[in-house]
Amino acid sequence: MPKTIIVANWKMNPLRKKDAKDLFTKIKRKGNNLRTIETIICSPYIYLESLAPGQTSRITVGAQDTFFEKEGAYTGFISPAMLADLGVRSAIVGHSERRLMGDTNEIVAKKVRALLDYRIRPILCVGEIVRDERGEYLDFLKEEIESAFNRLPEAMLKLFIIAYEPVWAIGKNAQGASTPADFLEKAIFIRKIISDLYSQKVASSIPILYGGSVDERNARSFLRDGKAQGLLVGRASLNLKSFATILAEANTL
Ligand code: PGA
């Protein structure tokens, strides 16, 4: 049975290692009992080393980004080789907050490839910044996807995860979450793009998650009505009660 993937994006939180370990342990206690859920905790780089040894088959850790080069004179960067060495199994890439800091589609594509070379699962974030009447935002989305795949060998795609996150729905200043019906439409659109690049079989094998203002009240409807294969949760992932409810709701479907 395919698992539902719930990704926690802690962003630049919490401030202390002790709190990161504590939250991870408590989430693990909840998540380890849920047979149909795979939970990926994407913590700041600096905590990964202390969290990774506690990974289980149901709860793993991920990074929130990576650099694309393996090693060398790149002050302040972290390479996928370093992540792999710590036992990190996935990494968010192309998050809108990184794109805002300068990650272009070309850079995102290089990061995706670098992660795959180390067998780390890329959680590729895509999503339009704003919507326009003429539907040009769909071309924007298409471009984000096509460039990230950039002729990757089909054998590598097994590791791929996509998170559709309309940028206007992310964060505390967002307009609020999108709707399950809208997500469903966008997921079909994304699959069609992948199907044109590869095949329908490949397109249907890649999990597509929803992200953007997910909380304990809307999680279930995105999974059930929107048929999302998982969720990417920002703010609500830092609140144990909310996140545990999201996990429990997902496990009932
Ligand atoms: P949010 O963040 O759940 O706080 O909107 C989601 C994200 O940035 O991935």
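Calculation criteria
- Residues numbered from 1 in each chain as written.
- Predicted model: local features only at pLDDT ≥ 70, side-chain atom pairs only at ≥ 80, totals over all residues.
- Heavy atoms only, no water.
- Helix = DSSP H or I, 4+ residues; strand = E, 2+ residues; numbered from the N terminus.
- Rg over C-alpha atoms; globule rule 2.2 N^0.38 Å.
- Buried < 20%, exposed > 50% of the residue type's maximum accessible area, 1.4 Å probe, protein only.
- Contact = heavy atoms within 4.5 Å.
- Lys, Arg positive; Asp, Glu negative; His and termini not counted.
- Charge placed at Lys NZ, Arg CZ, Asp CG, Glu CD.
- Pairing = 2+ DSSP bridges.
- Axes fitted to C-alpha atoms, helices over the stretch in contact; angles between N-to-C directions.
- Patch = residues over 30% accessible without salt bridge, like charges linked within 9 Å, V, L, I, M, F, W, Y side chains within 5 Å.
- Areas by Shrake-Rupley, 256 points an atom, 1.4 Å probe, with all protein chains shown as cover.
- Salt bridge = Lys/Arg side-chain N within 4 Å of Asp/Glu carboxyl O.
- Near = heavy atom within 4 Å.
- Polar contact = N/O pair within 3.5 Å; in protein donor to acceptor, adjacent residues only side chain to side chain.
- Nonpolar A, V, L, I, M, F, W, Y, C, P; charged D, E, K, R; others polar.
- Expected span 1.5 Å × (residues − 1).
- Arc of directions from axis to C-beta.

Examining the overall build of the protein chain
- Broken down by element type, the protein chain carries ten helices and eight strands.
- For a compact globule of 253 residues, the expected C-alpha radius of gyration is about 18 Å, and the protein chain comes in at 17 Å, within 12% of that figure.
- Overall, the protein chain is about 50 × 45 × 35 Å in size when its C-alpha atoms are taken along their principal axes.
- When each of the 253 residues of the protein chain is scored for burial, the buried share is 52%.
- When contacts within the protein chain are restricted to residue pairs at least 6 apart in sequence, long-range pairs at least 24 apart make up 71% of them.
- Side chains of the protein chain give 37 positive and 29 negative charges; the mean places of these two sets differ by 9 Å.

What to know about the sheet that holds strand E1 (residues 4-9)
- Within the closed barrel, the eight strands sit side by side as E1-E2-E3-E4-E5-E6-E7-E8. Their pairing is parallel. The average angle at which neighbouring strand axes cross in this sheet is 25 degrees, direction not considered.
- Where strand E3 (residues 59-63) and strand E4 (residues 90-93) come together, two bridges link them in parallel fashion. Note on E4: the bridge partner recorded for Gly62 is Ser90.

Looking at a nonpolar patch on the surface
- Where nonpolar side chains cluster on the molecular surface, the patch consists of Ile129, Val130 and Phe140 and spans about 290 Å² of accessible area.
- You can see Val130 is positioned in the loop between strand E5 (121-126) and helix H6 (136-149).
- Its relative accessible area of 58% is what places Val130 among the exposed residues.

Brief notes about the site of the ligand
- Around the ligand lies a shell of 13 residues, among which Lys11, His95, Glu165, Gly171 and Arg235 are the nearest.
- At 2.7 Å, a side-chain N or O of His95 approaches an oxygen atom of the ligand.
- The protein chains hide 99% of the 280 Å² of surface that the ligand would expose on its own.
- Residues of the shell around the ligand, tallied by class, amount to four nonpolar, six polar and three charged.

Some thoughts on unusual backbone geometry
- Across the junction of Asn13 and Pro14, the peptide omega takes the value -15 degrees, indicating a cis bond.
- In this structure, Arg119 takes a positive phi of about 55 degrees despite not being glycine.
- For Arg119, the position within the fold is in the loop between helix H5 (105-117) and E5.
- Positive phi values are uncommon outside glycine, yet Ser213 reaches one of about 55 degrees.

Structural notes on the side chain of Ser90
- Take Ser90: it is sitting in strand E4.
- Excluding anything up to four places from it in sequence, Ser90 contacts Ile40, Val61, Gly62, Ala63, Ile120, Arg121 and Ile123.

Some remarks on helix H7 (residues 180-197)
- In this model, H7 (18 residues) spans 26 Å end to end at C-alpha, consistent with the 26 Å of a helix rising 1.5 Å per residue.
- Taken together, the buried positions of H7 are Pro180, Asp182, Phe183, Lys186, Ala187, Ile190, Ile193 and Ile194. Take H7 and look down its axis: the buried residues cluster within an arc of 145 degrees, on one side only. H7 presents Ala181, Glu185, Ile188 and Asp196 as exposed residues on the side facing more than 90 degrees away from its buried surface.

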